[in-house]
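# Structural description and commentary
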Amino acid sequence: MFLFLMIFVGFSGNLFGLPLLGVNYWYFEPLTPSQKELVVRAFQHLHLDIVRIGGLWYDAHGIDESVLKSFFEFCEALDATPLVQVPFNRYDVDKAREFVKRVKTLWPREIWWSIGNEMDIYTDLWKNRVFSWIEPMSMREAFNRFDEFLKLLEDSGVSTIFAPDYSWKWRPWWKRHDWISPFLERFSDRISILAVHRYPFDEAGSIKQIMDDVEAFTEEMSRLRRVFPQHPISLTEVNLTWNWEYKGRFDGQSYWAGLWFIAIYGRAAYLGLHSVLFWSAVNDKTLSLVTVKGSQIELHPTYYALKFWSDVEGELTKHELSKTLDYYVFESHDSRIVVIVNKSPKEMIVDVDENISLPVRSFTAVKLTIDRKSGTIRRKEIFSQQNLLQR
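In short, a report on the structure. (Residues numbered from 1 in each chain as written. Predicted model: local features only at pLDDT ≥ 70, side-chain atom pairs only at ≥ 80, totals over all residues. Heavy atoms only, no water.)

### Considerations on the overall build of the protein chain
Here is the rule: Helix numbering and strand numbering both begin at the N terminus, where a helix is a DSSP run of H or I of at least 4 residues and a strand a DSSP run of E of at least 2. Here the globule rule is a power law, 2.2 Å times the number of residues to the power 0.38, and the radius of gyration is based on C-alpha atoms. Three labels apply to residues, based on accessible area from a 1.4 Å probe with only protein chains included: buried if under 20% of the type maximum, exposed if over 50%, partly exposed otherwise in between. What makes two residues a contact is simply this: any of their non-hydrogen atoms within 4.5 Å. Note on areas: Shrake-Rupley, 1.4 Å probe, and residue coverage restricted to the protein chains presented here. Only four residue types enter the tally: Lys and Arg on the positive side, Asp and Glu on the negative side; His and the chain ends are excluded. To locate a charge, the coordinates of NZ of Lys, CZ of Arg, CG of Asp or CD of Glu are taken.
In terms of regular secondary structure, the protein chain is built from eleven helices and 18 strands. Whereas a compact globule of 391 residues would reach a radius of gyration of roughly 21 Å, the protein chain reaches 21 Å, a difference of no more than 12%. A principal-axis box enclosing the C-alpha atoms of the protein chain has dimensions of 65 × 50 × 40 Å. A total of 391 residues make up the protein chain; the buried ones form 58% of that total. Pairs at least 24 apart in sequence give 71% of the contacts found in the protein chain among residues at least 6 apart. If you sum the accessible surface of the protein chain, you get close to 17,100 Å²; carbon and sulfur atoms cover 50% of it. Side-chain charges of the protein chain comprise 46 positive and 51 negative groups, with the mean position of each set lying 2 Å from the other.

### Here we look at the environment of Tyr270
Note that Tyr270 resides in helix H9 (residues 255–271). Through-space distance from the C-alpha of Tyr270 to that of Leu389 is 30 Å; in sequence the pair is 119 residues apart.

### Things to note about the pattern of salt bridges
To keep it simple, the criterion reads: Here a salt bridge means any side-chain nitrogen of Lys or Arg lying within 4 Å of a carboxyl oxygen belonging to Asp or Glu.
Tallied over the full model, the rule gives 31 salt bridges. The partner of Arg198 in a salt bridge is Asp213, with the nearest N and O atoms 2.8 Å apart. One end of the pair, Arg198, is in strand S7 (residues 193–198); the other, Asp213, is in helix H8 (residues 207–227), with 15 residues separating them in the sequence. By relative accessible area, which is 3% here, Arg198 ends up buried. The partner of Asp353 in a salt bridge is Arg336, with the nearest N and O atoms 3.4 Å apart. With Asp353 in the loop between strand S15 (347–351) and strand S16 (357–360) and Arg336 in strand S14 (residues 335–342), the pair connects residues that are 17 residues apart, well separated along the chain. Look at Arg336 and you get buried, because its relative accessible area is 17%. Three or more residues are tied together by salt bridges with common partners; here these are Arg171, Arg198, Asp213 and Glu220.

### What to know about the sheet that holds strand S2 (residues 20–24)
Put simply, the test is: Strands are labelled as partners when DSSP assigns at least two bridges between them. Structural elements are reduced to axes, namely lines fitted to C-alpha atoms, with helices fitted over the stretch in contact, and the angle between N-to-C directions of any two is expressed from 0 to 180 degrees.
The strand order around the closed barrel built from eight strands is S2-S3-S4-S5-S6-S7-S8-S9, with neighbouring strands paired in parallel fashion. Each neighbouring strand pair of the sheet contributes to a mean axis angle of 25°, computed without reference to strand direction. Docked against the sheet, helix H3 (residues 65–78) engages strand S3 (50–53) and strand S4 (81–86), running at close to 170° with respect to S3.

### Structural notes on the sheet that holds strand S17 (residues 364–371)
Across the sheet, five strands lie side by side as S12-S13-S14-S17-S18; this open sheet has antiparallel pairing. Lying at the two open borders of the sheet, with one neighbouring strand each, are strand S12 (315–321) and strand S18 (377–383). On average, each strand axis in the sheet is tilted by 15° relative to the strand beside it, whichever way the strands run. Pairing analysis gives eight bridges linking S14 to S17, with the strands arranged antiparallel. Paired with Val341 across the two strands is Ala365, which belongs to S17. Each of S12, strand S13 (325–331), S14, S17 and S18 touches H9; the most contacted strand, S13, lies at about 55° to it.

### Concerning the pairing of S4
Here S4 lies mainly inside the structure; six of its six residues are buried. Here S4 shows a buried face lined by Thr81, Leu83 and Gln85 and a second buried face lined by Pro82, Val84 and Val86. Here four bridges tie S3 to S4, and the two strands are oriented parallel to one another. Bridging across to S4, Ile50 finds its partner in Thr81. In this sheet, strand S5 (residues 112–115) lies alongside S4 in parallel orientation, the contact comprising four bridges. Across the sheet, the residue bridging to Val84 is Trp113, located in S5.

### Details of the packing of helix H1 (residues 33–44) against H3
Note the threshold: If an angle is under 35 degrees, it is roughly parallel; if it is over 145, roughly antiparallel; if it lies from 65 to 115, roughly perpendicular; otherwise it is oblique. Two helices that cross are described as forming a left-handed crossing if the nearer one is turned anticlockwise from the farther one by less than a right angle, and a right-handed crossing if clockwise. Polar here means any residue other than Ala, Val, Leu, Ile, Met, Phe, Trp, Tyr, Cys and Pro, which are nonpolar, and Asp, Glu, Lys and Arg, which are charged; Gly is therefore polar.
Two elements in contact, H1 and H3, have axes whose closest approach is 9 Å; the angle formed by their N-to-C orientations is 40°. Compared by their axis directions, H1 and H3 come out oblique. At the point where H1 passes H3, the crossing takes the right-handed sense. Here Lys36, Val39, Val40, Phe43 and Gln44 of H1 lie close against H3, whose contacting residues are Ser70, Phe74, Ala77 and Leu78. Across the contact of H1 with H3, the residue classes break down as six nonpolar, two polar and one charged.

### What to know about empty space enclosed by the protein
What counts is decided by this rule: Cavity: a set of points on a 1 Å grid over the protein atoms alone where a 1.4 Å probe fits but cannot get out. Pocket: an open set with protein on both sides within 12 Å along at least five of seven lines, its lining residues, like those of a cavity, having an atom within 4 Å of a point. Grid points are joined across faces, edges and corners, and a volume is the space filled by probe spheres set on the points.
If you walk through the whole model with that rule in mind, you get one cavity of 30 Å³ or more. The calculated volume of the largest cavity comes to roughly 40 Å³. For the largest cavity, the full set of lining residues is Tyr304, Phe308, Glu381, Ile382, Phe383, Ser384, Asn387, Leu388 and Arg391. Breaking the lining of the largest cavity down by element, the ones donating at least two residues are helix H10 (301–310), S18 and helix H11 (385–389).

As structure tokens, then:
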């Protein structure tokens, strides 16, 4: 069934560029030099801006120097800015100071920093005995310790700090669970980027539920910007699900996680977010962009979702957004890039301009690169299940 859709695209009043694109560096299994080479080659095609090393495990156990060296080699190979989390849960200030010195010795160039990971759920994890190696901490204890670690970074000359990297208690409209408002009351003028994490599902139940979350994402990020307009916002961890054990149709490396990411990254551009970092990079069960086994590397649909956005450039000059279809135009000096995301179960025909009419299949994304002078299509890329099966 075809639906005919005429998109009347006007000036958006919202000339934002794209959010910085990033990924979380994460793998427990050591990789051989040849496996690392496979990973680097794959990730170089994503043109990442940021790579973050962080997470609950590193927060409680620290980050070994061998892991740091491997992380910085990865950043250097990708020409990406490192975002380093200072382990917070079980480090004291002296140990944290040693860590910061070691990091700056290993990477004497620009580093972005954060302190701790998801301290808003330390007590929850302890009560539910999810991770017994996390030290429980009240809000007051967490804030006092954060203040000490923040002073340490300030004294060492750090200028760019992402915080607080909360799990889910960053929604000030959830009054009983609001950790973000008191945090910013105390630390607002001492942090650079407001950093939060978002995993909407334990296990999504349907395609409709996943596509509906694009609207929920937009509403939440819009509200967060309205409440705290003084800070750029970064999603330092994001995936369809946090559940690395879940393997199924809607897991964190599935086609549906990929299409969802394409949709929310477009909305992040519309909202003017600072950065979006996918969780995670390699061999994190069903949450990774790629899996390496032996001499083989598997690129998951979510990898191709990041790749879909990786070469888009220019300013967002036009948009048309709805529950069923999103349309964006990015303008650069010599090209116009049109991105269309069909979130509906019906095929649509989209009039891009008076010369280009485009069928867009259900639950797919299309990217057109159009020459600004001639108006001809230089390149067409489609994110679809069929195309991924053919790779």
